[in-house]
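Single-letter residue listing:
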Amino acid sequence: MAAPESGDGNNGAARMVTLISSDNTRFEVEAAAASLSQTLQLTILDGGGGGGDGIPLPNVDSATLSKVLEYCIKHAPAAANGGAPNATAVDRAELERFDNEFVNIDQSVLYSLIMAAHNLEIEGLQSLVAKKVADMIKGKSPMEIRRTLGFPDPTPEEQAEMNAHMLEYGWAYE
Amino acid sequence: MAPPRSTPELMEDLVEEVLLRLPPDEPACLVRASLVCKPWRRLLSGRAFLRRYRAFHGAPPLVGFLLNRDPLDSCRFPSFVPTASIPSLAHPAAAAADWSIAWAIDCRHGRVLLQTWGTSERLVVWYPTTGDWRVLPRHVLRRCALRRRWLRPHGLQRRALPGGPRGLQHFGPGHMGVLVLVGDERVEHAGFGGYYQVLLC
């Protein structure tokens, strides 16, 4: 599942780069979008990723990479404007709507996304997913947080410690 | 025995990114998160996290204030008036029946200094987020008295203030002093990381 458009060269079209996921799927994407990743930006500035070479990303599978690129493509224009000083309120609202829907996904995908955002150093995406996970645990008790995030059941010692703390900080559980 | 698993799938620095985004105006969130597991508790109580949390969210929010009540009223203990999502604070009063009146005279670093009257006239340090308290030795009270750093509620007058605690300068009908609680350092080990603190109004 490659990106739909494939620019062929630099004749007026935006510069394209190729990214290769861990399972060897090639994604062709505008350099501006890929450059949202601090890691990729350095390689691209050095002239990497063009032509038939491609940049291998051994830590990111194709499903995750396609999601990451969806984010990058959407956010690239605003980022190119340097924080979008001339962005309209409509543009910003649209990005916000996109972000909200973007993280409305399965938890395992969220985890893969935040790992990828971390590895590729895409600050906006990492922040977006971290906020989503924080929202997921916000109103929950320690046990509910453990269940939500897939922790194993607590050992009897951990359980006893949790109970003792809950007694001490009763107000946090009212 | 299997080694303890802490944060499956999420690496620790990503956990930090998540916890950093828990809302500061709901201190209970941080407390609850600190009870999830030991690595989280270590993370939340670390100085590094505190610094980042402060930088990320800015000044700590006001979580409420303490109101010293007129000792002639039936209420003999300062009331906590929450302005954030703290439902109530744990009063030591029930366990200290021999204090007929407790008066907040200072408030800092998550602790409230109370003076009590009744069968025992003492200075008491109260940790409002846990309800713990510690009665200070009598010589502390005597030393404070010598330095005029405490005030009797009945004798609380404006003219008494120059030598008195700064926080008691706010007067109004129905109450005699307001102390502002902006959080608590006592829960540092449990997750506030010292972000919240107690300030005088």
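This one's a predicted model, so the numbers in the text were calculated from it and none came from an experiment.

### Concerning the overall build of chain B
Within chain B, the secondary structure is distributed over 5 helices and 8 strands. Listed by position from the N terminus, the elements making up chain B come as α-α-α-α-β-β-β-β-β-β-α-β-β. When burial is assessed residue by residue, chain B has 52% of its 201 residues classed as buried. The long-range fraction of contacts in chain B, counting pairs at least 24 apart against all pairs at least 6 apart in sequence, stands at 50%. Accessible surface, chain B as shown: approximately 9400 Å² in total, 53% of it carbon and sulfur.

### Quick word on the UniProt feature "domain: SKP1 component dimerisation" (unreviewed entry) in chain A
The positions UniProt marks with the feature "domain: SKP1 component dimerisation" (unreviewed entry) are residues 124-163 of chain A. Helix makes up 72% of residues 124-163 of chain A and strand 0%, whereas the separation of the span's terminal C-alpha atoms amounts to 37 Å.

### Let's talk about the packing of aromatic side chains
All names here are of chain A. Under the definition given, this model contains 4 aromatic pairs over all chains. Here the aromatic rings of Tyr71 and Phe102 are separated by 5.8 Å at their centres, their planes lie at 50°, and the arrangement is tilted. Of this pair, Tyr71 sits in helix 3 (residues 62-80) while Phe102 sits in helix 4 (residues 89-102); the two residues are 31 residues apart in sequence, bridging distant segments of the chain. Neither Tyr71 nor Phe102 differs from the other in exposure class; each is buried. Three or more aromatic residues joined by ring pairs form one cluster here, namely Tyr71, Phe98 and Phe102. For Lys67, the ring lying beneath its charged end belongs to Phe102, and the centroid distance is 4.2 Å.

### A word on the UniProt feature "domain: F-box" (unreviewed entry) in chain B
Taken from the UniProt record, the annotation "domain: F-box" (unreviewed entry) applies to residues 12-49 of chain B. Along residues 12-49 of chain B, the helical share is 71% and the strand share 0%, with 12 Å between the first and last C-alpha atoms.

### Observations concerning the packing of helix 2 (residues 27-34) of chain B against helix 3 (residues 38-45) of chain B
Residues and elements named next belong to chain B. Running from N to C, helix 2 and helix 3 point in directions that differ by 135°, and their axes come no closer than 8 Å. Of the possible angle classes, the one that applies to helix 2 and helix 3 is oblique. Across the interface between the two elements, Leu30, Ala33 and Ser34 of helix 2 pack against Trp40, Arg41 and Leu44 of helix 3. The residue makeup of the contact of helix 2 with helix 3, split by class, is 4 nonpolar, 1 polar and 1 charged.

### Focus: the sheet that holds strand 2 (residues 26-30) of chain A
Residues and elements named next belong to chain A. Taken in spatial order, the 3 strands line up as 2-1-3 in an open sheet, and their pairing is mixed. Taken across any chain shown, the strands that pair with only one partner, and hence form the sheet edges, are strand 2 and strand 3 (55-56). Pairing of strand 1 (residues 16-20) with strand 2 involves 5 bridges; the strand directions are antiparallel. The residue bridging Met16 from the neighbouring strand is Glu30, located in strand 2. In the packing of helix 3 onto the sheet, the strands contacted are strand 1 and strand 2, and the crossing angle to strand 2 comes to about 5°.

### Structural notes on the pattern of salt bridges
Residue and element names in this part refer to chain A. Taken as a whole and judged by the stated rule, the model has 11 salt bridges over all chains. A salt bridge links Arg146 to Glu158, with the nearest nitrogen and oxygen atoms 3.7 Å apart. With Arg146 in helix 7 (residues 142-148) and Glu158 in helix 8 (residues 156-168), this pair connects stretches of sequence that are 12 residues apart. Of the residues examined, Arg146 reaches a relative accessible area of 3% and is grouped as buried.

### Examining the side chain of His75 of chain A
Residues and elements named next belong to chain A. Within the secondary structure, His75 is located in helix 3. Take His75: its relative accessible area is 12%, and that puts it in the buried class. For His75, the contacting residues outside a window of four places in its chain are Leu36, Leu95, Phe98 and Asp99.

### A few points about unusual backbone geometry
Even without glycine at this site, Asn24 of chain A takes up a positive phi of about 65°. Assessed through its relative accessible area of 63%, Asn24 of chain A is described here as exposed.

### Examining the nonpolar core
Across soluble globular proteins, you tend to see nonpolar side chains buried next to one another. Leu19, Tyr71 and Leu125 of chain A together with Leu19 and Trp40 of chain B are the most contacted members of the largest nonpolar core, which has 57 residues in total. Ranked by the residues each element gives to this core, the list is headed by helix 6 (residues 123-137) of chain A, at 8 residues. Counting residues in hydrophobic clusters, the runner-up holds 9 residues, among them Phe77, Phe80, Val112 and Val124 of chain B.

### Here we look at the packing of helix 6 of chain A against helix 1 (residues 12-19) of chain B
For the pair helix 6 of chain A and helix 1 of chain B, interaxial distance at closest approach is 7 Å and the crossing angle is 70°. The angle between the axes of helix 6 of chain A and helix 1 of chain B places the two elements in the roughly perpendicular class. In terms of crossing hand, the pair formed by helix 6 of chain A and helix 1 of chain B is right-handed. Of helix 1 of chain B, the residues touching helix 6 of chain A (which contributes Gln126, Ala130, Val133, Ala134 and Ile137 of chain A) are Leu14, Glu17, Val18 and Leu19 of chain B. When its residues are assigned to classes, the contact of helix 6 of chain A with helix 1 of chain B shows 7 nonpolar, 1 polar and 1 charged.

About the cut-offs
- Here the residue numbering is sequential within each chain, running from 1 through the sequence in written order.
- Here the convention is simple: chains get letters from A, ligands get numbers from 1, in the order in which they are written.
- Residues qualify for local features only when their pLDDT is at least 70, as the model is predicted, and side-chain atom pairs are given and counted only at 80 or more; totals for whole chains, interfaces and linings, by contrast, use all residues.
- Side-chain calculation: all heavy atoms of the structure are included, whereas hydrogens and water are not.
- Helical segments are the DSSP runs of H or I of at least four residues, strand segments are the runs of E of at least two, and each set is numbered from the N terminus.
- Relative accessible area decides the class of each residue, using a 1.4 Å probe on protein chains only: under 20% of the type maximum gives buried, over 50% gives exposed, and in between gives partly exposed.
- Between two residues, a contact is recorded if the distance between any of their heavy atoms is within 4.5 Å.
- Areas reported as accessible are Shrake-Rupley estimates using a 1.4 Å probe. Residue values count occlusion only from the protein chains shown.
- UniProt positions are given in the numbering used here, feature names are shortened, and annotations may be inferred rather than shown by experiment.
- Ring pairs shown here join Phe, Tyr and Trp side chains whose ring centres sit within 6.5 Å, with only the six-membered ring taken for Trp; geometry is labelled stacked below 30 degrees between planes, edge-to-face above 60, and tilted in between.
- Throughout this description, the term charge over a ring refers to an Arg CZ or Lys NZ atom that lies within 6 Å of the ring centre and within 35 degrees of the ring normal.
- Fitted lines through C-alpha atoms give the axes, limited to the stretch in contact for helices. The angle between two N-to-C directions lies from 0 to 180 degrees.
- The scheme is simple: roughly parallel for angles under 35 degrees, roughly antiparallel for over 145, roughly perpendicular for 65 to 115, oblique for anything else.
- Throughout this entry, Asp, Glu, Lys and Arg are counted as charged residues, while Ala, Val, Leu, Ile, Met, Phe, Trp, Tyr, Cys and Pro are counted as nonpolar. The remaining residues, Gly among them, count as polar.
- Whether two strands pair comes down to DSSP finding at least two bridges between them.
- What counts as a salt bridge is simple: a side-chain nitrogen of Lys or Arg found within 4 Å of a carboxyl oxygen of Asp or Glu.
- Only buried Ala, Val, Leu, Ile, Met, Phe, Trp, Tyr and Cys residues count toward a nonpolar core, and they belong to the same one when joined by side-chain atoms within 4.5 Å.
- Here a crossing is called left-handed whenever its near helix is offset anticlockwise from the far helix by less than a right angle, and right-handed whenever the offset is clockwise.

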